[in-house]
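Here's the letter readout for the chains.
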Amino acid sequence: MSDFDPLLLSRIQFAFTVSFHILFPSFTIGLAAWLLVLELMWLKTGERVYTELARQWTKIFAVSFGMGVVSGVVLSYEFGTNWSEFSRRGGNVIGPLMSYEVLTAFFLEAGFLGIMLFGRERVPRGVHLFATAMVALGTLISAFWILAANSFMQTPAGFRIGDDGVLYVQSWWEVIFNPSFPYRLAHMVAAAYLTTALCVGGMGAWYILREKFEPHGRVMLGMALCILVWLAPLQLVIGDLHGLNSREHQPAKIAAVEAHWETQRGAPLILFAIPDVKTESNRYEIAIPKLGSYVLTHDWEGEVRGLKSFPADERPNPIIPFFAFRLMVGIGAIMIALGLGGALLWLMGRLFTTHWYLRFMYWAWPLGFIAVLAGWFVTEVGRQPWTVYGVLRTADSVSPVAGGKVLTSLILFVLVYGIVFGAGLYYIAKLVRNGPEATPPIPEEGEADPSRRPMAAAGAP
């Protein structure tokens, strides 16, 4: 057991837990915003379809939020158990940022979540709407602080390194609003909204295909399409700006993502290849001449740095970033196609009757989650071999623990996550399958609920 590499196993363990965790915030950020829209539409129109959908998806939000909190707490412990050197040297920066997330976002969400979940018939409608808005705001604030912390690890700024190797903050403004933060925040929030839109739209298409809960399915599909049709193309623009920023501040990551080994002008766009680290070349390469330079520099003859221009011990392995990036971009293209195709069908009056499109929407519901994971792999693997880019190496961040102990905890995590979160996901699937519950007419504020009057319940005037 002592022969196991604790660094590799710690990286695998953290990759497993963070990959599992990120799925839930990616869903709840967008879902909280959608619940707010449903509440607004219900107040505006009084149509029961909106409140029935809100009731159903509030339950789904509660389960997803709970699993996100539990899996997030595990990550905090791992900073101490597996990455104690990173915590010691970078804790002055990362610790406060994560504390701010708890003090602002989590407390805000927790404070109003109970009202949102259980107060629909117990508080005025305006109060319930306000609670839903605060929960939605809390999810965005949470994304703000987590992305600030992670962006600092990608493009560190506003700090100095002490004689003891510890990072000390000189400017919190520069730490938080580091060079990559605005682009990464916009990219992640947009990804969360698109993930939720695909999930909701896919379930709506499923209801329509089953000819069950059709009014609810039409609302779900229509609202999802409203997001896809404009946000998916906008995400392409945000991603391009993010890429230009990464080229400036993390050129080794871009070289790995594009699998460029040689520095060159008029670089091709490599569509497919199998990067070979040993020979420092690509096998089975399929490329479009000069397009790579235009994409990366917006100049057909722009210079693109290759991996060979970096020391061998400062290069990320290009295999995972290369394929993960192309998977993410491919899913983005599918989102754009679904959005534009759905808009065209809506203009033709055939959105809810075109079965092939409804089937595509249903099959596409998990693509947002896959794209988020692919993007996260690009971000994190592309940063290697650094924990804090250019400042603290991953090999110098790991805790002095035996590899066998890390392997044991990894196996336990896989088993526990499979059982506990498998049950949670099963319950969510059951809520979706059962569909929205019919609700009695909602009385106006100040009016007695007719369902609570015995005579009315008996059918008497």
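Just so we're clear, the structure is a prediction, and the values are computed from it rather than from any experiment.

Visitor: Where do I start with the packing of aromatic side chains in this structure?
Guide: Aromatic rings considered in pairs are described by the distance between their centres and by the relative angle of their planes. Taken as a whole, this structure holds 33 aromatic pairs when the rule is applied. Judged by centre distance (5.7 Å) and plane angle (55°), the rings of Phe20 and Phe24 are tilted. Within this pair, Phe20 and its partner Phe24 are both found in helix α1 (residues 6–45), separated by 4 residues, close to a single helical turn. Across the pair, Phe24 and Phe20 agree in class, each one buried. Look at Phe65 and Phe106: their rings are 6.5 Å apart centre to centre, the planes differ by 5°, and that puts the pair in the stacked class. With Phe65 in helix α2 (residues 48–81) and Phe106 in helix α3 (residues 84–118), this pair connects stretches of sequence that are 41 residues apart. You can call Phe106 partly exposed: its relative accessible area is 29%.

Visitor: Would you mind showing me how to read the environment of Gln154 here?
Guide: The residue Gln154 is located in helix α4 (residues 125–154) in this model. Spatially, the C-alpha atoms of Gln154 and Gly382 are 9.6 Å apart, while their sequence positions differ by 228 residues. Ignoring anything within four residues of it in the chain, the contact list for Gln154 reads Ser180, Arg184, Gln250, Lys253, Thr379, Glu380, Arg383 and Tyr389. Separated by 2.9 Å, the side chains of Gln154 and Lys253 make a polar contact.

Visitor: Got a minute to help me understand the confidence of the model for the chain in this structure?
Guide: The predicted coordinates of low-pLDDT regions are not to be read in fine detail. With 94% of its residues at a pLDDT of at least 70, the chain reaches an overall mean of 88. Predicted confidence is poor over residues 444–461, with pLDDT under 50, and the contacts of this stretch with residues over four places away or in other chains come to 12 contacts.

Visitor: Any chance you could explain α1 here in plain terms?
Guide: Since one α-helical turn is 3.6 residues long, residues separated by three or four positions face the same way. End to end, α1 covers 58 Å across 40 residues, agreeing with the expected 58 Å (1.5 Å per residue, within 8%). Between the side-chain oxygen of the N-cap and the backbone nitrogen of Leu7 there are 3.1 Å, and the N-cap of α1 in question is Asp5. Phi for Gly46, located one or two positions after α1, is positive at around 75°.

Cut-offs and rules
Residues numbered from 1 in each chain as written. Predicted model: local features only at pLDDT ≥ 70, side-chain atom pairs only at ≥ 80, totals over all residues. Heavy atoms only, no water. Phe/Tyr/Trp six-rings, centres within 6.5 Å; stacked < 30°, edge-to-face > 60°. Helix = DSSP H or I, 4+ residues; strand = E, 2+ residues; numbered from the N terminus. Buried < 20%, exposed > 50% of the residue type's maximum accessible area, 1.4 Å probe, protein only. Contact = heavy atoms within 4.5 Å. Polar contact = N/O pair within 3.5 Å; in protein donor to acceptor, adjacent residues only side chain to side chain. pLDDT = per-residue confidence, 0-100. Expected span 1.5 Å × (residues − 1).

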